[in-house]
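Take a look at the letters that make up each chain.
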Amino acid sequence: MEIKEILKQMGNISHISGFETELANFLSAEFAKQHGVSVSVDKMGNFIAHKKGFSTSMTNTENPPKVMLMAHIDEIGMIVSEVRKNGFVKFSPVGGIDKRTILAQEVTIHSRKTGEKIFGVIGIKPPHLTSNSDMEKPVKISDMAIDTGLSTEKAREIISPGDLITINTDVAELQNNKLTGRALDNTAGIAVMYHTLQALQHFSHSADIYCVASVQEEVTGLGGETATYTIKPDIAIIVDVGFGKANGLADHESIELGKGGAITIGPNTNRKLLDELKKAAKKHDTPYQVEVVSGMTGTDAYAVQVSKNGVITAVVSVPLKYMHSTVEVIDVADVENTGKLIANYIMSLQNLEGESCYWKD
């Protein structure tokens, strides 16, 4: 499947933190189509695709390195907290949703009772009836409600506390190979892993590759932690998104769309692994950027890095504008080039004459 198409299809599937099963099932079907890839879903709900290393008499593969790629599968969203009179539905955020972006949005409530998808809108007080002082204040989520148009009785019949709510913004195309929509954080990272396996399917590599779509990154990070304990990787590359340059952002706090993935430098990443990634990128003329993060990266990297006795960890980010909004924007070329960068690094871990380029700290 083409990268644009898989991104569009993933964007149409609800995968709010803690409720990622539907997207995991979709990924199971799509990744399994690739040559030599086996798929599974663990007890936490993490999706795992495994591609074994290729062993010949010319390769040194007695103890092939385990390389784990990880991109979180969950999206931010909302959850029903109460059904009030006149069909109004109160809700709470799941993950770091930006309250500025959800007023006057069209939404879908996913009923667990009936399986129905109920259309609704998050209403807003008319400006004519709003005081000047209130117009300057952000509206609290606790003051918002979804209007379903249903009567009190009917709404309570089909909608319950705990039902999930997604905003109705499917992934769409902009000009110049750009895509926009919700949840590109982090379907973009999943698409990078998918493209990495595509790039490797015609080559022999000694490394065992595990592609993990981890659950609950937006709320707990527990999916990344448990998957790492299961796989016990030698090397981990976390694939997430970074702040794309946009109006109002300083150059030092953002990365540019169309210039490739950003390799993160900071205490949450291994400097030698970063150097190896850059070396692979330069050797194959693959565009990349450098992003400096002076503390924790806000990704699964910390949970992975400190699991068991520690894991050699890197973070590579796809530039993304308007993070945690309903109109996130990426450049498809960045997804493809990030996938190529990682594939080239994996191929650099050995050569076919038996000399292993794999290193351990």
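Before reading further, recall that the structure is shown in the block above.
Scoring rules and cut-offs
Residues numbered from 1 in each chain as written. Predicted model: local features only at pLDDT ≥ 70, side-chain atom pairs only at ≥ 80, totals over all residues. Heavy atoms only, no water. Helix = DSSP H or I, 4+ residues; strand = E, 2+ residues; numbered from the N terminus. Rg over C-alpha atoms; globule rule 2.2 N^0.38 Å. Buried < 20%, exposed > 50% of the residue type's maximum accessible area, 1.4 Å probe, protein only. Contact = heavy atoms within 4.5 Å. Salt bridge = Lys/Arg side-chain N within 4 Å of Asp/Glu carboxyl O. Pairing = 2+ DSSP bridges. Phe/Tyr/Trp six-rings, centres within 6.5 Å; stacked < 30°, edge-to-face > 60°. Expected span 1.5 Å × (residues − 1). Polar contact = N/O pair within 3.5 Å; in protein donor to acceptor, adjacent residues only side chain to side chain.

### Focus on the overall build of the protein chain
(1) Moving on: Counting its regular elements, the protein chain contains nine helices and 17 strands.
(2) Moving on: Over its C-alpha trace the protein chain gives a radius of gyration of 22 Å, about what one expects of a compact globule, namely 21 Å for 361 residues.
(3) Moving on: For the C-alpha atoms alone, the extent of the protein chain along its principal axes is close to 75 × 45 × 40 Å.
(4) Moving on: Across the 361 residues of the protein chain, 54% fall into the buried class.
(5) Moving on: In the protein chain, the proportion of contacts linking residues at least 24 apart, taken out of those at least 6 apart, comes to 76%.

### Digging into the pattern of salt bridges
(1) Moving on: Overall, the coordinates contain 14 salt bridges when judged by the stated rule.
(2) Moving on: In this structure, the salt-bridge partner of Asp-331 is Lys-178, at a minimum N-O distance of 3.6 Å. With Asp-331 in strand S17 (residues 328-331) and Lys-178 in strand S11 (residues 178-181), this pair connects stretches of sequence that are 153 residues apart. For the pair Asp-331 and Lys-178, a shared accessibility class is recorded, and that class is buried.

### A word on the pairing of strand S4 (residues 77-83)
(1) Moving on: Sheet analysis places S4 next to strand S5 (residues 88-94), joined by six bridges and oriented antiparallel. From the neighbouring strand, Ile-79 faces S5, where its bridge partner is Ser-92.
(2) Moving on: Connecting S4 to the next strand, S5, in antiparallel fashion are four residues, including Asn-86 with a positive phi near 65°.
(3) Moving on: As paired strands, S4 and strand S9 (residues 164-167) are joined by two bridges and run antiparallel to one another. What sits directly across from Met-78, in S9, is Ile-165.

### With respect to the packing of aromatic side chains
(1) Moving on: Under the definition given, this model contains two aromatic pairs.
(2) Moving on: Ring geometry for Phe-31 and Tyr-194: centres 5.3 Å apart, planes at 75°, overall edge-to-face. Of this pair, Phe-31 sits in helix H2 (residues 21-31) while Tyr-194 sits in helix H5 (residues 184-200); the two residues are 163 residues apart in sequence, bridging distant segments of the chain. Residues Phe-31 and Tyr-194 agree in their burial class; the two are buried.
(3) Moving on: Aromatic ring contacts, followed pair by pair, group Phe-31, Phe-47 and Tyr-194 into a single cluster.

### Considerations on helix H9 (residues 332-347)
(1) Moving on: Over its 16 residues, H9 extends 23 Å from the first C-alpha to the last, a length consistent with the 22 Å expected when each residue adds 1.5 Å.
(2) Moving on: Among the 16 residues that make up H9, twelve are buried, leaving the element largely enclosed by the rest of the structure.
(3) Moving on: With a side-chain oxygen positioned 2.9 Å from the backbone nitrogen of Ala-333, the residue opening H9 is Asp-331.

By themselves, these observations are geometric and do not establish any function.
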